Amino acid sequence: MKFLCLACDQAMEFAERQLPGDGTLAAVFGCPTCGREIAMLANPMETQLVSSLGIKVGGREVPEQPLELVRSSLAEGRPDAFLDDSAPANPSAVQGPVTWSDDAVQRLSHVPTFVRGMVKRIYTDYARERGIERITPEIMDTARTDLGLEGM
Ligand SMILES: [Zn+2]
């Protein structure tokens, strides 16, 4: 993936990459000629997809090993690959298990198998960080809006 500076007709160079704790990925590219900069932002879902596919943002800046671990988990197709509950992102988060209503499980079953564990993890993290103990289709709707995942 490359970005082109239209004014200079020159490929921009990767300048900076940030992974804030919320899962958002920001990559900055700059034009070596005029110094103009652009930033690429990806929401948590997009970040996980990009990471899972092993795409190297800005060359080799992304460490390879963790991505390959994610990728091999995906290749095995284990639906529970991302359900490790050991590290809640938010210290004030609910510690108990987040449960899923029957209709929420039903809706999750429509998600393609290879990303289902990831999607489930995203919703579970969302619920846990907000003290929500039970995920329903309504919670999933709210989460999608909050996380910018519409259309997924
Ligand atoms: Zn330029």
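Preceding this paragraph is the structure being described.
Attention here is on the structure that accompanies the text.

Each value, and the rule that gives it
Residues numbered from 1 in each chain as written. Predicted model: local features only at pLDDT ≥ 70, side-chain atom pairs only at ≥ 80, totals over all residues. Heavy atoms only, no water. Helix = DSSP H or I, 4+ residues; strand = E, 2+ residues; numbered from the N terminus. Buried < 20%, exposed > 50% of the residue type's maximum accessible area, 1.4 Å probe, protein only. Contact = heavy atoms within 4.5 Å. Phe/Tyr/Trp six-rings, centres within 6.5 Å; stacked < 30°, edge-to-face > 60°. Donors = N, O, S within 2.8 Å, 3.2 Å for Na, K, Ca; no water. Tetrahedral: all angles 85-135°; square planar, octahedral: opposite > 155°, others 65-115°. Axes fitted to C-alpha atoms, helices over the stretch in contact; angles between N-to-C directions. Parallel < 35°, antiparallel > 145°, perpendicular 65-115°, else oblique. Nonpolar A, V, L, I, M, F, W, Y, C, P; charged D, E, K, R; others polar. Arc of directions from axis to C-beta. Salt bridge = Lys/Arg side-chain N within 4 Å of Asp/Glu carboxyl O.

The next thing to look at is the overall build of the protein. For the protein, the helix and strand inventory stands at 5 helices and 7 strands. Its helices and strands taken in sequence order, the protein reads β-β-β-β-β-α-α-β-α-α-β-α from the N to the C terminus. The buried share of the protein, taken over its 152 residues, is 33%. Looking at the protein alone, contacts between residues at least 24 apart form 46% of all its contacts between residues at least 6 apart.

Let us look at the packing of aromatic side chains. Under the definition given, this model contains 3 aromatic pairs. A ring pair is formed by Trp-100 and Tyr-123, whose centres lie 6.3 Å apart and whose planes are at 80°; its orientation type is edge-to-face. Remark: Tyr-123 occurs in helix H4 (residues 113-129) and Trp-100 occurs in strand S6 (residues 99-100); sequence separation between them is 23 residues. Classification of Trp-100 as buried rests on a relative accessible area of 12%.

Put simply, the ideal angle at a metal is 109.5 degrees for four donors in tetrahedral geometry and 90 or 180 degrees for six donors in octahedral geometry. Distances from the zinc ion to its protein donors, namely Cys-5 (SG), Cys-8 (SG), Cys-31 (SG) and Cys-34 (SG), fall within the range 2.3 to 2.4 Å. For the zinc ion, the 4 donor atoms in the first shell make angles of 107 to 112° at the metal, a pattern classed as tetrahedral. Read in sequence order, the donor residues coordinating the zinc ion give the pattern C-x2-C-x22-C-x2-C. One end of the pair, Cys-8, is in the loop between strand S1 (4-5) and strand S2 (10-11); the other, Cys-31, is in the loop between strand S4 (25-30) and strand S5 (37-42), and 23 residues separate them in sequence. Among the residues examined, Cys-8 registers a relative accessible area of 27% and is labelled partly exposed.

Now for the packing of H4 against helix H5 (residues 137-147). Viewed as axis vectors pointing N to C, H4 and H5 meet at an angle of 90°, and their least axial separation amounts to 10 Å. In terms of axis orientation, H4 runs roughly perpendicular to H5. Here H4 contributes Ile-122, Tyr-123 and Tyr-126 to the contact with H5, which in turn contributes Ile-139, Met-140, Thr-142, Ala-143, Arg-144, Asp-146 and Leu-147. Here the residues of the contact of H4 with H5 are counted per class, giving 7 nonpolar, 1 polar and 2 charged.

So, about H5. For H5, every residue scored as buried is listed here: Pro-137, Ile-139, Met-140, Ala-143 and Leu-147. One face of H5 carries all of its buried residues, which in axial projection span an arc of 150°. Positive phi shows up at Gly-148, right after H5, with a value of about 70°.

Right, let's get into the pattern of salt bridges. Within this structure, the stated rule accounts for 5 salt bridges. In this structure, Asp-125 engages Arg-121 in a salt bridge whose closest nitrogen and oxygen atoms are separated by 3.1 Å. Of the two residues, Asp-125 and Arg-121 are both situated in helix H4; the distance of 4 residues between them amounts to about one turn of the helix. Exposure remark for Asp-125: the relative accessible area of 23% places this residue in the partly exposed category. In this structure, the salt-bridge partner of Arg-128 is Asp-125, at a minimum N-O distance of 3.6 Å. Linking Arg-128 with Asp-125, this pair stays in helix H4, spanning 3 residues, or about one helical turn. The class for Arg-128 is buried, based on a relative accessible area of 7%. One continuous salt-bridge network, built from bridges that share partners, spans Arg-107, Asp-141 and Arg-144.

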